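Now for the letters of each chain:
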Amino acid sequence: MESRPLRYFVAVAEELNFARAAERLGISPPPLSRAIRALEGEVGAVLFERTTHSVALTPAGTVLLAEARPALDALEAAGRRARRAADASPKLVLAMKADGDGDLLEPMLARYAAEPGAMPVRIRLCGWQEQPDLLRRGEVDVALVHEPFDRAGLDAETLIAEPRVAALAAAHPLAAEESLTLADLGLRAEEVDRYIQEHRHAGRDLAQLLTLVTLECRTPLLPRSVAARYPRPGVVFRPVVDAPPSVLAVAWPERSRSTAVAALVRAASAVARTGVGSRDADHVRIPETGIDGWRDPD
């Protein structure tokens, strides 16, 4: 099955209108209709119910749409990776959120640089939870990302888990306490992920979020290593003793066969196990388990 008819099919399935899909694709409706008929013949099933007034997916079309989108995304990602590999000065691209490395980045890169055949590493800073999509699109090779995240099409290795602290305005009533519980913040354990996501979207970056702490009395939960980097007048950080830990993982495409990616993942795991570079003695070290899902090149 070729990619072009699949792209045509996805356009019609998303528009549910042949004229709009043809305009989107830059072709005229008759060849689009012929291409869809040919695809239905190849698949051996009707993909669309057509009337003079409407177009709807059949059950077979619904299944094909769910399969076609990731297949086309994978083709585009493969092309991006191939183009980057053909660069005169190829680099390994590592995606991460600024200050989202759990203090592992510098020792991890130093350890990787000592590996035979290590490539130059370019850091791509990104927003909250953008790393998985960047990996799937082939724009980056490996990522440091906090749990939970969408692992579809990815392999990952847990690196560290560290305690969470609440950021409070100095005038907040809870700022006088030495430590807090989730109940103090009006939270249950099952609500923590949602609560963190809500606060992540309150500002473009941590500096903005901490400004909102002082202006709006927000109380975001942060990894302790991140909070330690941002002492700020008017903001205090208090440990939340029963909050689930902040878990950092290294992730890469599940079909990657790059020896450079394998070496960087090994370096990240080794640094996390030994605790080199950690500022926080209460990081939880993850025991050595190997790199789950890694496939050594043939």
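Provided above is the structure to which this section pertains.
Residues numbered from 1 in each chain as written. Predicted model: local features only at pLDDT ≥ 70, side-chain atom pairs only at ≥ 80, totals over all residues. Heavy atoms only, no water.

Peer 1: Even after reading the chapter, I still don't get the side chain of aspartate 103, so can you show me in this structure?
Peer 2: Relative to the elements of secondary structure, aspartate 103 occurs in the loop between β3 (92-97) and α5 (105-113). A polar atom in the side chain of aspartate 103 sits 2.4 Å from the side chain of arginine 229. (Helix = DSSP H or I, 4+ residues; strand = E, 2+ residues; numbered from the N terminus. Polar contact = N/O pair within 3.5 Å; in protein donor to acceptor, adjacent residues only side chain to side chain.)

Peer 1: I'm lost on the pairing of strand β6 (residues 154-162) in this one. Help?
Peer 2: Taken residue by residue, a regular strand's side chains alternate between the two faces of the sheet. Most of β6 sits out of view: 8 of its 9 residues are buried. In this sheet, strand β10 (residues 246-253) lies alongside β6 in antiparallel orientation, the contact comprising 8 bridges. Of the residues in β10, the one forming a bridge with isoleucine 160 is leucine 248. (Buried < 20%, exposed > 50% of the residue type's maximum accessible area, 1.4 Å probe, protein only. Pairing = 2+ DSSP bridges.)

Peer 1: Explain the packing of aromatic side chains here, please?
Peer 2: One pair of aromatic rings is described through two measures. These are the centre distance and the angle between the planes. Applying the stated criterion to the full structure yields 2 aromatic pairs. Ring centres 5.4 Å apart and planes at 45° place the aromatic pair phenylalanine 9 and phenylalanine 48 in the tilted group. One end of the pair, phenylalanine 9, is in helix α1 (residues 3-15); the other, phenylalanine 48, is in strand β1 (residues 48-50), and 39 residues separate them in sequence. Accessibility expressed as a relative area gives 0% for phenylalanine 9, which makes it buried. According to the relative accessible area criterion, phenylalanine 48 is buried, its value standing at 1%. Between phenylalanine 18 and phenylalanine 48 the ring centres are 6.1 Å apart and the planes differ by 70°, which places this aromatic pair in the edge-to-face class. With a gap of 30 residues between them, phenylalanine 18 in helix α2 (residues 18-25) and phenylalanine 48 in strand β1 connect regions that are remote in the sequence. Taken together through their ring pairs, the aromatic side chains of Phe9, Phe18 and Phe48 make up a single cluster. (Phe/Tyr/Trp six-rings, centres within 6.5 Å; stacked < 30°, edge-to-face > 60°.)

Peer 1: Explanation requested: the pattern of salt bridges in the structure shown.
Peer 2: Side chains that differ in charge, positive against negative, can pair when their charged atoms come close. Across all of its chains, the model carries 18 salt bridges by this definition. The partner of aspartate 133 in a salt bridge is arginine 136, with the nearest N and O atoms 3.0 Å apart. Within this pair, aspartate 133 and its partner arginine 136 are both found in helix α6 (residues 131-136), separated by 3 residues, close to a single helical turn. Taking the relative accessible area as the measure of exposure, aspartate 133 reaches 38% and is therefore partly exposed. (Salt bridge = Lys/Arg side-chain N within 4 Å of Asp/Glu carboxyl O.)

Peer 1: What exactly am I supposed to notice about the packing of α5 against helix α10 (residues 259-274) here?
Peer 2: Think of two packed helices as two axes; the pair is described by the angle between the axes and how far apart they sit. Remark: α5 packs on α10, axes separated minimally by 8 Å, with the N-to-C direction vectors making an angle of 130°. Of the possible angle classes, the one that applies to α5 and α10 is oblique. Once α5 is placed against α10, the crossing between them reads as right-handed. Residues Pro107, Met108, Leu109, Arg111 and Tyr112 of α5 pack against Ala260, Ala263, Leu264, Ala267, Ala268, Ala270 and Val271 of α10. Residues of the contact of α5 with α10, tallied by class, amount to 11 nonpolar, no polar and 1 charged. (Axes fitted to C-alpha atoms, helices over the stretch in contact; angles between N-to-C directions. Parallel < 35°, antiparallel > 145°, perpendicular 65-115°, else oblique. Left-handed = near helix turned anticlockwise from the far one by under 90°. Contact = heavy atoms within 4.5 Å. Nonpolar A, V, L, I, M, F, W, Y, C, P; charged D, E, K, R; others polar.)

Peer 1: What is the right way to read α10 from this model?
Peer 2: Every α-helix carries 3.6 residues per turn, so stepping three or four residues along brings you back to the same face. The end-to-end C-alpha distance of α10, which contains 16 residues, comes to 23 Å, matching closely the 22 Å that a straight helix rising 1.5 Å per residue would cover. Burial of α10 is extensive: 12 of the 16 residues sit out of reach of the surface. For α10, the complete set of buried residues consists of Ala260, Val261, Ala262, Ala263, Leu264, Val265, Ala267, Ala268, Ser269, Ala270, Val271 and Ala272. One side-chain oxygen of the residue at the start of α10 lies 3.2 Å from the amide nitrogen of alanine 260, identifying that residue as serine 258. Two residues or fewer past α10, glycine 275 is found with a positive phi of approximately 80°. (Expected span 1.5 Å × (residues − 1).)

Peer 1: How do you make sense of α1 when you look at a structure like this?
Peer 2: Over its 13 residues, α1 extends 18 Å from the first C-alpha to the last, a length consistent with the 18 Å expected when each residue adds 1.5 Å. Along α1, the residues classified as buried are Pro5, Leu6, Tyr8, Phe9, Val10, Ala11, Val12 and Ala13. Buried residues in α1 make contact with α2, α3 (29-43), β1, β2 (55-57) and α4 (59-85).

Peer 1: Can you help me understand unusual backbone geometry in this one?
Peer 2: The phi torsion of most residues other than glycine is negative, and most of the peptide bonds are trans. Cis rather than trans, the peptide bond between glutamate 147 and proline 148 has omega equal to -10°. Structurally, the position occupied by proline 148 is in the loop between β5 (142-146) and β6. A positive phi angle, close to 65°, is found at aspartate 103, a residue other than glycine.

On their own, these measurements won't tell you what the molecule is for.
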